[in-house]
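Architecture at a glance
Here is how the chains run, residue by residue.
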Amino acid sequence: MPSIPSFTVQQICDLLKGQLTGPGELVITGLCGIDQAAAGHLTLIGTGKFVKRWTTSKATAAIVSQEVGPDLRPGEGRAFIRVPDAELAMVTVLKMFAPPLPQAGMSDAVHPTAIVDPTAQVGKDVRIGARCIVGPRAIVGDRTTLYPNVMINDDVKIGSDCIIWHNVVIRERCTVGRFCQIHPGAVIGADGFGYRPAPDGRGLVKVPQIGTVEIGDDVEIGANTCIDRGKFGATVIGSGTKIDNLAQVGHNVNIGRCVIVVAQVGLAGSVTIGDGAMIGGQVGITDHVNVPAGTRIGAQSGVFADPAPGGQYMGCPAREARQFFRIHSLLGKLPELVKSLKAKDDSPST
């Protein structure tokens, strides 16, 4: 069983280049939310709403954003580490306390139960777990890890320093860049959903999906997400993009760089998402829509036409956010308005 790491508050403060208030020799053995924390835990005060909860918290120390409660003090026997952005600082601390990656079903190189085709190219320091399959002419870059039951089909190319988690399927001819992480159950390169009515009107004709998927560098793809191959050409995921669990990316979608796609989003065929856009949970975007760079679309919106560049949109059909909230506010007054109009109609004419 791996040992639990511990650090002093001073060590953490030095790493964060923060400003320490309180004793630096206090020992931190774990991280926890402000309400659940116990002695020895480090917690987070990122916004003002957590200030009052600090007084009842049992945490030993907190990382505090500089603009939060400038007069707030940690109290006797506790400490604060002040930083410009507590949320970003916590990323560094989480890495300090992160446990080692799981080793079940793994070996130092290729597990005896894995099948690697003789024509495949496997780089240096690659680890391939139990029951993985690496197909003909596939390329797996240096220091990449394939966890058990990963399926890499023919002619797939995976860059260096990737982590491909259990039960991922990457189908033929797809490309994955460097420093990517693909979480369990994701499927890359399944057939796009393409059908046309049969000429006799009795059934559907499947449209062959002969394209590929091209994933850039430093992309993260969530568990059970599906990214379909192009009908022809490629479905493209730009470098730095992060896709949550249970998302569906249709054929020939083109997602730019550093895009956020939250859980249960559905992108229909040939949608284009510009760099830096943020797509909220359960958003649906119909085919051939172009979402400009920097656009933000709120959760559960339905997008049927191209949004304006850089805007914020909500609702179904999606509207500019300010207009959406005005309409939503008026809807709350609708029963009263209807009652008033009905009373007016029922009143005797003068």
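**Brief notes about unusual backbone geometry**
- Cis geometry is adopted by the peptide bond preceding Pro317, which originates at Cys316 and carries an omega value of 0°.
- Among the structural elements, Pro317 can be located in the loop between strand S38 (312–314) and strand S39 (319–320).
- Within the chain, Asn252 stands out as a residue other than glycine whose phi angle is a positive 65°.

**So, the pairing of strand S7 (residues 79–83)**
- S7 sits mainly inside the fold: 5 of its 5 residues count as buried.
- Alternating residues of S7 divide into Ala79, Ile81 and Val83 and Phe80 and Arg82, and every residue in both groups is buried.
- As defined by bridge partners, strand S2 (residues 19–21) adjoins S7 across 3 bridges and the pair is classed as antiparallel. Each residue of the ladder has a partner; that of Gln19, found in S7, is Arg82.
- By the bridge criterion, 5 bridges tie strand S6 (residues 61–65) to S7 in an arrangement that is parallel.

**Quick word on the sheet that holds strand S20 (residues 187–190)**
- If you trace the 10 strands from one edge of the open sheet to the other, you get S8-S11-S14-S17-S20-S25-S28-S31-S34-S37, paired in parallel fashion. The sheet is open, and its two borders are formed by strand S8 (115–116) and strand S37 (302–303), each paired with just one other strand.
- Direction of pairing for strand S14 (residues 151–152) relative to strand S17 (residues 169–170): parallel, over a ladder of 2 bridges. Paired with Met151 across the strands is Val169, a residue of S17.

**Thoughts on the packing of aromatic side chains**
- Enumeration according to the criterion identifies 5 aromatic pairs in this entry.
- Pairing Trp54 with Phe80 gives two aromatic rings, centres 5.1 Å apart and planes at 55°, and the pair type is tilted. Taken together, the residues span a long stretch of sequence, with Trp54 in helix H2 (residues 51–54) and Phe80 in strand S7 at a distance of 26 residues.
- A ring pair is formed by Phe324 and Phe325, whose centres lie 5.4 Å apart and whose planes are at 70°; its orientation type is edge-to-face.
- Since its relative accessible area comes to 47%, Phe325 is described here as partly exposed.
- For Arg78, the ring lying beneath its charged end belongs to Trp54, and the centroid distance is 3.8 Å.

**A short note on the nonpolar core**
- By size, the foremost hydrophobic cluster in this structure holds 48 residues, and its most contacted members are Ile170, Ile273, Ile279 and Ile285.
- Setting aside chain neighbours within four positions, we find Ile170 in contact with Met151, Ile152, Asn153, Val156, Ile158, Val176, Ile182 and Ile188.
- Counting 19 residues, the second largest nonpolar core, distinct from the first, contains Leu16, Leu26, Met90 and Met96.

Each value, and the rule that gives it
Sequence positions are assigned chain by chain, starting from 1 and proceeding in written order. Selection of residues for local features in this predicted model requires a pLDDT of at least 70, selection of side-chain atom pairs for listing and counting requires 80 or more, and totals for whole chains, interfaces and linings are taken over all residues. Water and hydrogen atoms play no part in the side-chain values, which are based on all heavy atoms of the structure. Note on conventions: DSSP H or I runs of at least 4 residues are helices, E runs of at least 2 residues are strands, and numbering of each starts at the N terminus. The buried label goes to any residue with under 20% of its type's maximum accessible area, the exposed label to any with over 50%, and the partly exposed label to all in between, with areas taken from a 1.4 Å probe on protein chains only. What makes two strands pair is DSSP finding at least two bridges between them. By convention, a stacked pair of Phe, Tyr or Trp rings (six-membered ring in the case of Trp) has centres within 6.5 Å and planes under 30 degrees apart, an edge-to-face pair has planes over 60 apart, and any other such pair is tilted. Charge-over-ring placement is defined geometrically: NZ (Lys) or CZ (Arg) within 6 Å of the ring centre, and within 35 degrees of the ring normal. Throughout this description, the term nonpolar core refers to a set of buried Ala, Val, Leu, Ile, Met, Phe, Trp, Tyr and Cys residues connected via side-chain atoms within 4.5 Å. It only takes one pair of heavy atoms within 4.5 Å for two residues to be counted as in contact.

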